[in-house]
Amino acid sequence: MITTMEEKPHVPAAPRKRKLPGWAIGMVGVAGAIALLSITSMQTGFPQLTSSGTTQTAVRLALPILLAGLGGLWAERAGVVNIGLEGMMIMGTWGAAWAGYQWGPWAALVAAVVFGALGGLLHAIATVTFGVNHIVSGVAINLLGAGLTKYLSTLVFQPLSHNPRQSPPVTPFETYSAAGLADWLGELEAGQRLFISDVAGILRGLVTGVSPLTMLTILLVPLSYYLLWRTRFGLRLRSVGENPYAADSLGVKVYFHKYVAVIVSGGLAGLGGAALVLNPGQLSYLEGQTGGRGFIGLAAMIFGNWRPGGLLGGAALFGYADGLQLRSGGDTVLALVYGVVLLLGVIVVWQLIRRKWFSAAAAIAVAVLLYLLYISLDEIPGEFVSYAPHMVTLAVLAVASQRLRMPAADGLVYRRG
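Being a predicted model, the structure only gives us computed values, none of them experimental. (Residues numbered from 1 in each chain as written. Predicted model: local features only at pLDDT ≥ 70, side-chain atom pairs only at ≥ 80, totals over all residues. Heavy atoms only, no water.)

Novice: Would you take a moment to explain the packing of helix 2 (residues 52-77) against helix 7 (residues 196-207) for this structure?
Specialist: Between two packed helices, what matters for the description is the angle formed by their axes and the separation of those axes. For the pair helix 2 and helix 7, the least separation of the axes is 7 Å and the interaxial angle reads 45 degrees. For the element pair helix 2 / helix 7, the angle class is oblique. The crossing of helix 2 and helix 7 is right-handed. Of helix 7, the residues touching helix 2 (which contributes Ser52, Thr55, Gln56 and Val59) are Gly201, Ile202, Arg204, Gly205 and Leu206. Here the residues of the contact of helix 2 with helix 7 are counted per class, giving 3 nonpolar, 5 polar and 1 charged. (Axes fitted to C-alpha atoms, helices over the stretch in contact; angles between N-to-C directions. Helix = DSSP H or I, 4+ residues; strand = E, 2+ residues; numbered from the N terminus. Parallel < 35°, antiparallel > 145°, perpendicular 65-115°, else oblique. Left-handed = near helix turned anticlockwise from the far one by under 90°. Contact = heavy atoms within 4.5 Å. Nonpolar A, V, L, I, M, F, W, Y, C, P; charged D, E, K, R; others polar.)

So, in structure tokens, the structure goes:
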């Protein structure tokens with residue numbers, strides 16, 4: 001029996017929607033953040049939210065967070081969890097102060113990288129060679145960094161500064177400013193026009209008082225992206241973090257790439273310690289000056305989804321929160337709470353459009369609570385203001401936790417064969 005099959009008409013596939021590149025999404029996010037801060041500044045009467053002074057302080061405070069986050073990025077892309085960033089940063093602060101007061105700021109950078117890299121090497125020996133749990137090793141590095149620098153400070157700095165907790169002053173870097181552009185932006189900032197003055201204030205803060213360390217740190221972000229995502233070495237390193245056994249079967253030297261990544265991680269964290277020592281407001285080693293910034297850098301890396309661009313945004317956010325509370329105090333931080341209420345209003349509208357009723361209801365509840373807090377207080381109490389960066393860290397991680405994708409073999413102990 002002969003059967004015939006009806007030919008189905010060919011239906012062309014619907015064209016796939018092209019996703020915006022990462023840099024475009026980042027630019028949209030920056031524009032949205034500036035618009036939000038501009039409206040908040042106008043509504044609350046606090047121009048400090050977008051002033052050039054706040055931006056300068058935020059940039060200086062974001063540098064150690066960004067460098068620590070880059071260190072975490074290198075290690076975790078190779079499959080090694082590095083919560084020892086704090087200890088490596090502490091070692092970097094001591095090395096920077098020790099070399100800086102003797103030979104100047106460039107020697108401070110070199111010494112900080114070396115001291116941090118030594119901490120990274122120790123972490124690599126423990127986790128890669130001996131298979132120690134990554135968290136246990138990281139905690140040990142943090143304790144070792146704090147104890148070792150305290151001993152060395154008593155031995156070296158006490159005879160010089162008569163204070164075992166502080167080093168002698170360190171010679172700072174010279175800073176550079178775009179004089180003509182900064183003056184023009186200053187005139188626009190003083191005009192107090194919506195959005196225009198806010199953009200001018202932020203840009204003026206970015207082109208005024210720029211140090212070589214700031215330029216170097218910003219350059220390390222695209223350099224890390226190029227090395228990890230655009231080179232053969234970077235492909236092999238990331239493959240080690242995804243599936244070390246498959247990488248080993250293809251001839252990749254797993255141990256070598258892990259060692260390189262963790263040592264680089266420690267060097268970057270140590271450089272973050274130098275950024276603290278060479279901060280114009282500090283210019284010396286001080287016991288406990290890292291203040292948990294190694295952990296905040298790790299949070300910035302997670303917020304950035306283990307990508308350099310997202311990490312830069314996270315470091316900028318945490319640095320801004322830190323700089324705002326340090327420069328302006330509790331009343332300006334309270335004004336920022338009003339900005340968060342506006343942001344939650346936008347999120348509510350977006351979730352309603354997407355018909356995510358539960359998320360919209362949760363955002364409404366949080367917005368109402370924050371608005372009640374805003375209208376009931378004149379300023380945030382000083383005891384809470386100093387913890388603004390840490391609270392921002394917890395809030396951001398809670399919001400971003402649903403879209404994170406860590407390297408598949410991150411934190412797993414690897415044994416060849």
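Novice: Sorry, what's going on with the nonpolar core here?
Specialist: A general feature of soluble globular proteins is that nonpolar side chains tend to end up buried together. Grouped together as the largest cluster of nonpolar side chains are 48 residues, with contacts concentrated most on Leu70, Leu109, Leu213 and Leu278. Mapped by element, the contributors of at least two residues to this core are helix 2, helix 3 (85-103), helix 4 (105-129), helix 5 (134-161), helix 8 (212-229), helix 11 (254-277), helix 12 (293-303) and helix 13 (308-327). When near neighbours in sequence (up to four residues on either side) are disregarded, Leu278 contacts Pro105, Ala108, Leu109, Val170, Thr171, Phe173, Leu213 and Leu283. Grouped together as the second largest cluster of nonpolar side chains are 6 residues, Leu37, Ala58, Tyr320 and Leu324 included. (Core = buried A, V, L, I, M, F, W, Y, C linked by side-chain atoms within 4.5 Å. Buried < 20%, exposed > 50% of the residue type's maximum accessible area, 1.4 Å probe, protein only.)

Novice: Sorry if this is basic, but what is going on with the pattern of salt bridges here?
Specialist: A side chain with one charge may pair with a side chain of the opposite charge, provided their charged atoms come close. Counted by the stated rule, this structure contains 6 salt bridges. The salt bridge involving Glu287 is made with Arg165; its shortest N-O contact spans 3.8 Å. Taken together, the residues span a long stretch of sequence, with Glu287 in the loop between helix 11 and helix 12 and Arg165 in the loop between helix 5 and helix 6 (179-190) at a distance of 122 residues. Residue classification places Arg165 among the partly exposed residues on the basis of a relative accessible area of 46%. Measuring nitrogen to oxygen at the nearest pair gives 3.0 Å for the salt bridge that ties Arg293 to Asp322. Highlighted residues: Arg293 in helix 12 and Asp322 in helix 13, separated in sequence by 29 residues. As far as burial versus exposure is concerned, Arg293 and Asp322 are alike and both buried. If you follow the salt bridges from partner to partner, you end up with Arg77, Glu242 and Arg405 in one network. (Salt bridge = Lys/Arg side-chain N within 4 Å of Asp/Glu carboxyl O.)

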